[in-house]
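Architecture and fold: a report
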Amino acid sequence: MDPVVIPILVAAIVVVFLLAATVRIVPQARRYNIERFGRYRRTLQPGLNFVVPVADRVNTKLDVREQVYSSAPKPVITEDNLVVNIDTVLYYQITDPRAAAYEVADYLHAIDQLTVTTLRNVIGSMDLEETLTSREEINARLRAVLDDATGKWGIRVNRVEIKAIDPPNTIKEAMEKQMRAERDKRAAILHAEGERQAKILTAEGTKQKDILEAQGTQQAMILRADGEAKAVERVFQAVHRNNADPKILAYKYLETLPHLAKSENNTFWVIPGELTEAVRAVTGAFGDRSTMGLPDAASRGGAAAADPDAPTDSAPDDGGAQELAAASPLSLDAAAAADEVAKQADAVVNDAKAEAAKVTQAPGRGQTTGE
């Protein structure tokens, strides 16, 4: 190989190395801190950058995007002397790469320790119940303290959240019993409220039902009374319009007796004392009608025989004879009808007496009926 070529190759290699050491390409959302001879020089921005070979070197490479840091559970003592384990989540972002690299040795460890001390100060003034129900207040106080302390480190704390608060197992069991008792209490209250509402609704329904039934009964009684009043009024008008005499009323009274005897719920029957009088009135009425005209005709005949010289009127005599002839069959029919009515009345009376005798002989009723 030519001795001249070797130095050229070495020089080319050195030039390529120097060019490679001069060019620095920084990715997006990254920051590189450059030191020249051990001293901070500048921070490289994303893109193509040039540095002095050998003199400049990259000290730290930082990510300026928002990042999440989850700390391990830390024991914290509450005001009522209970130890709880609290796990926090931290959202932060590097705003000054130089301060983050040179103001603190390990910013994550520093933030973690600062979070623990702040939690102990905040929760140390709260009891367990307040700690479990005051997460927003704890988060706000933690963020205020961390943001103030990490500002000079070139870090901005965007959000701090308590991920979990774990009390001791005994406290968990007590809390579960308390919650179970609260749920049972609410269930019993709801059940009692439901029963109360059901009873109220049932009572209201019964009340409405009774009111409606009473109103229906009232309307039915009113309508029935109106019907009976109209029926009585019509009967009364019919009786007075036709000018019924006591004989017809007595006959209707006799017709009503069989209906009284047909009742199934009657254990004894009262035979009215005026029954015989009613029968006698009917019989006398028909009997009077049957003898109507006969005595008059006989008396007239006798008078004519006694006084033959008495004046006679052919027309009246003829009319009287015709009336007698016409009335005689009707009078006989009326007498037969009166006898039939009397027989029916006697049969009704006998049936009623027989039924009363049966009731008297029945066991357990004879004494009461006899009285």
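A few points on the structure.

**Overview of a negative patch on the surface**
- A grouping of E79, D80, D127, E129 and E130 is seen on the molecular surface, where their side chains present a negatively charged patch.
- By secondary structure assignment, the location of E130 is in helix α4 (residues 128-133).

**What about a positive patch on the surface?**
- Taken together, the side chains of K177, R180, R183 and R186 define a basic patch exposed on the protein surface.
- If you trace the backbone, R183 turns up in helix α6 (residues 169-242).
- Its relative accessible area of 47% is what places R183 among the partly exposed residues.

**Observations regarding the environment of I138**
- Following the sequence through the fold, I138 ends up in helix α5 (residues 135-150).
- For I138, a relative accessible area of 0% translates into the label buried.
- If we skip the residues at most four places from it in the chain, I138 touches L119, V122, I123, M126, T131 and I162.

**Brief notes about the packing of helix α3 (residues 107-123) against α5**
- Packing of α3 against α5 brings their axes to within 10 Å, and their N-to-C directions diverge by 140°. Comparing the axis directions of α3 and α5 gives the class oblique. For the pair α3 and α5, the sense of crossing is right-handed. Taken together, the residues of α5 that come into contact with α3 (itself represented by I111, L114, T115, T118, L119, V122 and I123) are I138, R141, L142, V145, L146, A149 and T150.
- Taken together, the residues of the contact of α3 with α5 break down into 10 nonpolar, 3 polar and 1 charged.

**What about the packing of aromatic side chains?**
- Tallied over the entire structure, the rule returns 2 aromatic pairs.
- Here Y92 and Y107 contribute two aromatic rings whose centre-to-centre distance is 6.1 Å and whose plane-to-plane angle is 65°, an arrangement assigned as edge-to-face. Of this pair, Y92 sits in strand β8 (residues 83-94) while Y107 sits in helix α3, and the two are 15 residues apart along the sequence. By the burial criterion, Y92 is buried, and Y107 matches it.
- The lysine or arginine in question, R98, covers the ring of Y40, its NZ or CZ lying 5.5 Å from the ring centre.

**Concerning the nonpolar core**
- By size, the foremost hydrophobic cluster in this structure holds 29 residues, and its most contacted members are I86, L90, L119, I138 and I155.
- Of all the elements in the fold, those that place two or more residues in this core are β8, α3, α5 and β9 (155-166).
- The element contributing the most residues to this core is α3, with 7 residues.

Parameters at a glance
Residues numbered from 1 in each chain as written. Predicted model: local features only at pLDDT ≥ 70, side-chain atom pairs only at ≥ 80, totals over all residues. Heavy atoms only, no water. Patch = residues over 30% accessible without salt bridge, like charges linked within 9 Å, V, L, I, M, F, W, Y side chains within 5 Å. Areas by Shrake-Rupley, 256 points an atom, 1.4 Å probe, with all protein chains shown as cover. Salt bridge = Lys/Arg side-chain N within 4 Å of Asp/Glu carboxyl O. Lys, Arg positive; Asp, Glu negative; His and termini not counted. Charge placed at Lys NZ, Arg CZ, Asp CG, Glu CD. Helix = DSSP H or I, 4+ residues; strand = E, 2+ residues; numbered from the N terminus. Buried < 20%, exposed > 50% of the residue type's maximum accessible area, 1.4 Å probe, protein only. Contact = heavy atoms within 4.5 Å. Axes fitted to C-alpha atoms, helices over the stretch in contact; angles between N-to-C directions. Parallel < 35°, antiparallel > 145°, perpendicular 65-115°, else oblique. Left-handed = near helix turned anticlockwise from the far one by under 90°. Nonpolar A, V, L, I, M, F, W, Y, C, P; charged D, E, K, R; others polar. Phe/Tyr/Trp six-rings, centres within 6.5 Å; stacked < 30°, edge-to-face > 60°. Lys NZ or Arg CZ within 6 Å of the ring centre and 35° of its normal. Core = buried A, V, L, I, M, F, W, Y, C linked by side-chain atoms within 4.5 Å.

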